[in-house]
Amino acid sequence: MSPFTLADLKRILLEGAGADDGVDLDGEILDMEFVDLGYESLALLETSSRIEREYGISLDESAMADVTTPRALIDLVNSHLAAAA
């Protein structure tokens, strides 16, 4: 399976929670906090559920609680994908 990318994350975020006005997901967002991007815990819960369904992995809640940036979430997903391969 190919790695989970920022483009994959953006697509899932937009499908699940949309985007706040004034937030440019096409900018440099890898190290921005999800809260600053307008994504609260409920939106991230929906995002993790979509990732789990689409990629056939299980992201544990404690690991997701530590994920605060897109880069951290991408790294978490890719580590689970590698472990599942």
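Residues numbered from 1 in each chain as written. Predicted model: local features only at pLDDT ≥ 70, side-chain atom pairs only at ≥ 80, totals over all residues. Heavy atoms only, no water.

### Comments concerning the overall build of the protein
Quick note on the threshold: Runs of E in the DSSP output that reach at least two residues are strands. Runs of H or I that reach at least four are helices, and both are numbered from the N terminus. Throughout, radius of gyration means the C-alpha value; the globule benchmark is 2.2 Å times the number of residues raised to the power 0.38.
Helix and strand counts for the protein stand at four helices and zero strands. Its helices and strands taken in sequence order, the protein reads α-α-α-α from the N to the C terminus. For 85 residues, the compact-globule estimate of 2.2 N^0.38 gives 12 Å, and the C-alpha radius of gyration of the protein, at 12 Å, lies within 12% of that figure. Dimensions of the protein, computed from the C-alpha atoms along their principal axes, are close to 40 × 25 × 20 Å.

### Focus: the confidence of the model for the protein
Keep this limit in mind: Each residue carries a pLDDT score, the predictor's own confidence in it, on a scale running from 0 to 100.
On average, residues of the protein score 89 in pLDDT, and 95% of them reach the 70 mark or higher. Mean pLDDT across the elements of the protein ranges from a minimum in helix H3 (residues 61–65), with 86, to a maximum in helix H4 (residues 70–84), with 95.

### Focus on the layout of surface pockets
For the record, the criterion: Both site types are read off a 1 Å grid over the protein atoms alone. A 1.4 Å probe that fits but cannot get out defines a cavity, while an open set with protein on both sides within 12 Å along at least five of seven lines defines a pocket; lining residues have an atom within 4 Å of a point. Grid points are joined across faces, edges and corners, and a volume is the space filled by probe spheres set on the points.
For the largest pocket, the calculated volume is near 200 Å³. Taken together, Ser41, Leu44, Leu45, Ser48, Ser49, Glu52, Leu59, Asp60, Glu61, Met64, Ala65 and Val67 form the lining of the largest pocket.

### A short note on the nonpolar core
Note the cut-off: Take the buried Ala, Val, Leu, Ile, Met, Phe, Trp, Tyr and Cys residues and link them wherever side-chain atoms come within 4.5 Å; each set so joined is a nonpolar core. Only protein chains enter the accessibility calculation, which uses a 1.4 Å probe. A residue is then buried if its area is under 20% of the maximum for its type, exposed if over 50%, and partly exposed in between. Throughout, a contact is declared for two residues whenever any of their heavy atoms are within 4.5 Å.
Judged by nonpolar contacts, the single largest core of 22 residues is most densely connected at Phe4, Phe34, Tyr39, Ile51, Leu73 and Val77. Sequence-distant contacts of Phe34, defined by excluding residues within four places in its chain, comprise Leu9, Leu13, Tyr39, Leu44, Val67, Thr68, Thr69, Pro70 and Leu73.

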